[in-house]
Amino acid sequence: MSNVGIVIVSHSPLVAEGAADMVRQMVGDDVPLAWCGGNPDGGLGTSVEAIIAAIDRAWSENGVAILVDLGGAETNSEMAVEMLDPARAGKVVVCNAPVVEGAVMAATEASGGASLAEVQATAEELSPA
Amino acid sequence: MITSAQLKALIEALSATVAAHAAELTDLDSAIGDGDHGANMKRGFDAVAGEADAISAKPEAEALKAIGTKLVMTVGGASGPLYGTLFLTLGKELTVSPDDYPAALRRAVDAVAARGKSAYGQKTMLDVLYPVAEAVEANKSKAEIVAVAHDAVAATRDRKAIRGRASFLGDRSIGHIDPGARSSALLVEAVAGVL
Ligand SMILES: [Mg+2]
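Being a predicted model, the structure only gives us computed values, none of them experimental.

Draft legend 1. Representation of the sheet that holds strand β4 (residues 92-95) of chain A in the model. All names here are of chain A. With respect to topology, 4 strands assemble into an open sheet ordered β2-β1-β3-β4, the strand pairing being parallel. Here the strands that pair on one side only, and so sit at the sheet edges, are β2 (33-37) and β4. Across the sheet, the axes of successive neighbouring strands diverge by a mean angle of 20°, strand direction being ignored. Pairing geometry for strand β3 (residues 64-68) and β4, over 4 bridges, is parallel.

Have a look at this one:
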């Protein structure tokens, strides 16, 4: 699939899965989509390993946009991106946007064939500068 | 150069102090954050300790990188990438300039600041790590360095959090010491006890 992929990272697997459900409702299978949530023990938190795996599941040659909730999800996602193969790392961005609204807006943009930069900009329009 | 035996003792000391203070770190984090700092740190340092033999068999710089990677992969909160970056950068810097510990520490703390998009004075671990890096550069004694670290933790009490979840509390974060600052001081004390 050539559309930009979307990854949802929340401290809570329930939030991540729920946001992914909302994305699917908008774009069906037109956008590669993956989510992860929870720390390596399954409690609230995020896992670099799980984020890397989610990026892999949502991979698109046109790039992947990650939507995160709170600080640790952002820091762990940025770390995960740096740990990717450099050829892949350059095609993954962490969006500064609310996780649910950002994921739905980004995926909708992605479903029309938008570039990674366009997808990111659409999600980030939701955040005050 | 840190020997293999020292590396093993270091890993044991780090994981022991984190385990002994996990409840305290969680209490500190509960007051101004999400209350996961103790459990997260313990998960990470337990994982490092679980591979103490394999890690300490590596050359110093590689061992430090292995500790960093393990923390990144297992902590499960922002402190994973932050402490992970500290150890990863120490390893990278010591690969380039072996034995220049003060410079390696300074660059590692700068890397933590970049990773956390933070700076000294924002009520974070950096409030301890920067004074410690300075004390190491000034060739202070181990006892002095440990004292600097603990004083720096105390100084976070009157600061307002600017980064991390504690910043959501605004002025209400004032009056509590920062859990990340406290864990940093504990790690510094453990290192000073071994090296
Ligand atoms: Mg916390």
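Picking up where we left off.
Draft legend 2. Structural view of the environment of K142(B). Here K142(B) lies in helix α9 (residues 142-155). In contact with K142(B), other than residues within four places in its own chain, are A192(B) and L195(B).

Draft legend 3. Highlighting the confidence of the model for chain B. Looking at chain B, pLDDT values average 97 and 100% of them are 70 or higher. Model confidence for the complex is summarised by a pTM of 0.94, with the ipTM given as 0.91.

Draft legend 4. Local environment of the environment of T3(B). Looking at the secondary structure, you find T3(B) in the segment before α1 (4-20). Considered as a pair, T3(B) and L187(B) are 184 residues apart in the sequence and their alpha carbons are 19 Å apart.

Draft legend 5. Just the interface of chain A and chain B, in detail. In this complex, chain A contributes 18 residues to the contact, which on the side of chain B involves 16 residues. Contact between chain A and chain B buries roughly 1400 Å² in total, counting both sides, with carbon and sulfur atoms accounting for 55%. Its largest share of buried area at the contact with chain B, chain A owes to L70(A), T75(A) and M79(A), together 31% of the area lost on that side. Joining chain A to chain B, the criterion identifies 4 salt bridges. The partner of E74(A) in a salt bridge is K117(B), and the shortest N-O contact between them spans 3.0 Å.

Draft legend 6. Focus on the UniProt feature "domain: DhaL" (unreviewed entry) in chain B. Using the residue numbers shown here, the UniProt feature "domain: DhaL" (unreviewed entry) corresponds to residues 5-193 of chain B. Helix makes up 72% of residues 5-193 of chain B and strand 0%, with an end-to-end C-alpha separation of 14 Å.

Draft legend 7. Quick look at the packing of aromatic side chains. On inspection of all chains with the given rule, the structure shows 0 aromatic pairs over all chains. Positioned over the ring face of W59(A) is R88(A), at 4.0 Å from the centre of the ring.

Draft legend 8. Focus on the coordination of the magnesium ion. The magnesium ion binds to the protein through D29(B) (OD), D34(B) (OD) and D36(B) (OD), with metal-donor distances spanning 2.0 to 2.3 Å. In terms of primary sequence, the donors binding the magnesium ion are separated according to D-x4-D-x1-D.

Draft legend 9. Geometry of the pattern of salt bridges. Throughout the structure, instances matching the rule amount to 17 salt bridges over all chains. Residue R24(A) pairs with D29(A) through a salt bridge whose shortest N-O separation is 3.8 Å. Taking the relative accessible area as the measure of exposure, R24(A) reaches 30% and is therefore partly exposed. The exposed category is assigned to D29(A), whose relative accessible area is 59%. In this structure, the salt-bridge partner of D46(B) is K42(B), at a minimum N-O distance of 2.7 Å. Taken together, the positions of D46(B) and K42(B), both in helix α3 (residues 37-50) and 4 residues apart, correspond to about one turn of that helix. The class for D46(B) is partly exposed, based on a relative accessible area of 35%. With a relative accessible area of 31%, K42(B) lands in the partly exposed category. Residues joined by salt bridges that share partners form a network here, namely E74(A), E78(A) and K117(B).

Definitions and cut-offs
Residues numbered from 1 in each chain as written. Chains lettered and ligands numbered in written order. Predicted model: local features only at pLDDT ≥ 70, side-chain atom pairs only at ≥ 80, totals over all residues. Heavy atoms only, no water. Pairing = 2+ DSSP bridges. Helix = DSSP H or I, 4+ residues; strand = E, 2+ residues; numbered from the N terminus. Axes fitted to C-alpha atoms, helices over the stretch in contact; angles between N-to-C directions. Contact = heavy atoms within 4.5 Å. pLDDT = per-residue confidence, 0-100. Buried area = accessible area lost by both parts, 1.4 Å probe. Salt bridge = Lys/Arg side-chain N within 4 Å of Asp/Glu carboxyl O. UniProt positions renumbered as here; feature names shortened; annotations may be inferred. Phe/Tyr/Trp six-rings, centres within 6.5 Å; stacked < 30°, edge-to-face > 60°. Lys NZ or Arg CZ within 6 Å of the ring centre and 35° of its normal. Donors = N, O, S within 2.8 Å, 3.2 Å for Na, K, Ca; no water. Buried < 20%, exposed > 50% of the residue type's maximum accessible area, 1.4 Å probe, protein only.

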